[in-house]
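So you can see what is in the structure, the chains are spelled out below.
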Amino acid sequence: MSTVDLDAKIPNNVGLKDDKRLLRALEKWQPNFLSWWKEMGPSDFLEDLIYLRTAVGVGKGGWAHFDYVKMPEYRWGIFLAEPVEGRKIHFGDNLGQPVWNEVPGEFRNRLRRLIVTQGDTEPASVEQQRMLGHTCPSLYDLRSLFQVNVEEGRHLWAMVYLLHTYFGQDGRDEAEELLQRRSGNPDKPRILQAFNNPIDTWVDFFAFTTFTDRDGKYQLAALAESGFDPLARTTQFMLTEEAYHMQTGENGIGRIAHRTAELMREGTDPRKVGAIPLEMLQKYINFWASASMDLFGGEDSTNAAESFGAGLKGRYREGDGIYKDPKALGQTYTIEVPNADNQLVKQEIPLRRAMNALLLDAYVADCKRIIDRWNRDLKASGVDFQFTMPDKRFNRHQGVYANYRFDPQGNPISEAEWTRRCGDWLPTQADRDYVKACMVQVIEPGKFVNWIAPPAMGVNGQPIDFEYVKFH
Ligand code: BYC
Ligand code: FE
Ligand code: FE
């Protein structure tokens, strides 16, 4: 049982105080992280007191600690889930061997790449969201934003811990570069495209936390199966934080739709009162869902095959014994790819090469469940509108559909039709201008801007009109 050292300069449950070299390296990185936070984290609000939860343990109840904190004083720590005695690699070519507690030499580059890619998304999202505080729809939502932001900061710490501990000088260099790249900067962009897209409205934020943080859930879940045990244990703990981010998104979009439905039922045109029309919300769903599907990489991927074969990245819930063959050999996966006439033709690929496609399928099914929940509420509101999840072929820039055009139902279409219709499917500049104009800051406790309904309940048993942020 690893004990949690909460009083250390870097709170942790990895026995940092007994590893002086590692401790020194991380303590050297810490001020750089803080400078990055002050420069690229939430713009302003650094002196304000935010009602935040902080991890104080990795077991049940480890998240129960809430207090007012200034963001730069948040206790970013290093927490790994408890090790499982005698854990074995449970998929791929090394099936049945004991898990690794050191980096296996032959997989070093691949592993580092996975960790760096994961790590890069965390600060990227904080950068993308840094201006949102100025237009928050309520104090409740402002707190949620900052909760998500500090936890993404902790996710960066989680990956930097692995880089510093297991990858020597290369790892320390990579950790430094994680603080150098900048979301949307053409000279030093973040690694994955969705993390270079601007998030300058709360509609983007809620769609991002619904769809992009949910990619986070699936990627982390696949890494939590890893035969490299420190990665598995780190990502397992990160998943407990991810749940809150996705909930923020689901509730946010749900509350926007609820408010619009309420207005429509009264016979008010949402556009006349600064609310978000449902068709417009659907376009933001289409945009962020498709951008997030790109984060799964190509459907047919030798990278994915090798990561699976090596035992570095498993399938979703691989450890629950839901797959027949833990080696995934001798099976195929059918993808449909367009031919020269833009007709979809079936093609069989070895299952191992389809690991990204399998993870994407699980993700899409999950997204559909969220959309169903929004739709149930719309139905109950008596409004004749239902959201849809865009097909996995729609608006893709990675993978087998990247160079073709499809409508949101996944039917192949011509370039001309795409040009004619894409403004019906994705936010236009006019839509973005309209949504931006709706973003006005509301910070009186218990008050909400006109385009969003209040949540069903407050945070940590507090009332909805609680002072979630105390301004200095
Ligand atoms: N953008 O074999 P392929 C989160 C590259 S989100 C740019 O098809 P692979 C979070 C790829 O690198 C979760 N490049 O795919 C959410 C490769 O380049 P090379 C983040 C892309 O490698 C919200 C080439 O294309 N975690 O945590 O199997 C807020 C061919 O790639 C993209 C991870 O991503 C793209 N979208 O899979 C905060 C997990 N897609 O090698 C945080 C770690 C592919 O030819 N990463 N490429 O030069 C991975 O597992 C894999 O890197 C990917 C790509 C799944 C991303
Ligand atoms: Fe994260
Ligand atoms: Fe997240």
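Below you will find a few notes about this structure. All figures in this text were calculated on a predicted structure; none of them were measured in a lab.

The rules behind the values
Residues numbered from 1 in each chain as written. Chains lettered and ligands numbered in written order. Predicted model: local features only at pLDDT ≥ 70, side-chain atom pairs only at ≥ 80, totals over all residues. Axes fitted to C-alpha atoms, helices over the stretch in contact; angles between N-to-C directions. Helix = DSSP H or I, 4+ residues; strand = E, 2+ residues; numbered from the N terminus. Left-handed = near helix turned anticlockwise from the far one by under 90°. Contact = placed C-beta atoms within 7 Å. Nonpolar A, V, L, I, M, F, W, Y, C, P; charged D, E, K, R; others polar. Near = placed C-beta within 6 Å. Core = buried A, V, L, I, M, F, W, Y, C linked by C-beta atoms within 7 Å. Buried ≥ 20, exposed ≤ 12 C-beta atoms within 10 Å, placed from the backbone. Pairing = 2+ DSSP bridges.

### Re the packing of helix 1 (residues 20–40) against helix 3 (residues 139–166)
Moving on, step 1. At a closest axis distance of 11 Å, the pairing of helix 1 and helix 3 adopts a crossing angle of 145°. Helix 3 is crossed by helix 1, and the crossing has right-handed handedness. For the pair helix 1 and helix 3, contact is made by Leu22, Ala25, Leu26, Trp29 and Trp37 and by Gly153, Val160, His164 and Thr165, respectively.
Moving on, step 2. Here the residues of the contact of helix 1 with helix 3 sort into six nonpolar, three polar and no charged.

### Some thoughts on the site of ligand 1
Moving on, step 1. Gly216, Gly297, Gly298, Ser301 and Asn303 are the nearest of the 24 residues found near ligand 1.
Moving on, step 2. Broken down by secondary-structure element, the contributors of at least two residues to the shell around ligand 1 are helix 2 (108–128), helix 5 (202–223) and helix 8 (302–310).
Moving on, step 3. Of the residues assigned to the shell around ligand 1, the class counts are five nonpolar, 14 polar and five charged.

### Some words on the nonpolar core
Moving on, step 1. Judged by nonpolar contacts, the single largest core of 113 residues is most densely connected at Val160, Val203, Ala207, Ile256, Ile276, Leu281 and Trp288.
Moving on, step 2. Element by element, the count of residues in this core is highest for helix 3, at 15 residues.
Moving on, step 3. Non-local contacts of Ile276, meaning those with residues more than four positions away in its chain, are made with Val203, Ile256, Thr260, Pro270, Leu281, Val435, Cys438 and Trp451.

### Topic: the pairing of strand 3 (residues 332–338)
Moving on, step 1. Relative to strand 4 (residues 344–350), strand 3 runs antiparallel, the two being bridged by seven bridges. Among the inter-strand pairings, Val337 is bridged to a residue of strand 4, identified as Val345.
Moving on, step 2. Between strand 3 and strand 4, which pair antiparallel one after the other, the connecting turn spans five residues, and Asn342 there sits at a positive phi close to 65°.

### Side note on the pairing of strand 1 (residues 49–54)
Moving on, step 1. Relative to strand 2 (residues 65–70), strand 1 runs antiparallel, the two sharing six bridges. In the strand pairing of strand 2, Arg53 is matched with Phe66.
Moving on, step 2. The sheet contact formed by strand 1 and strand 5 (residues 469–470) spans two bridges and is antiparallel. Within strand 5, the position partnered with Ile50 by the bridge is Val469.

### With respect to the sheet that holds strand 1
Moving on, step 1. Taking strand neighbours across the sheet as the criterion, the three strands line up as 2-1-5 in an open arrangement whose pairing is antiparallel. In the strand order of this sheet, the two ends are held by strand 2 and strand 5, each with one partner.
Moving on, step 2. Together, strand 1 and strand 5 form the strand contacts of helix 3, whose direction differs from that of strand 1 by roughly 50°.

Interpretation note: all reported values are geometric properties and have no functional meaning in isolation.
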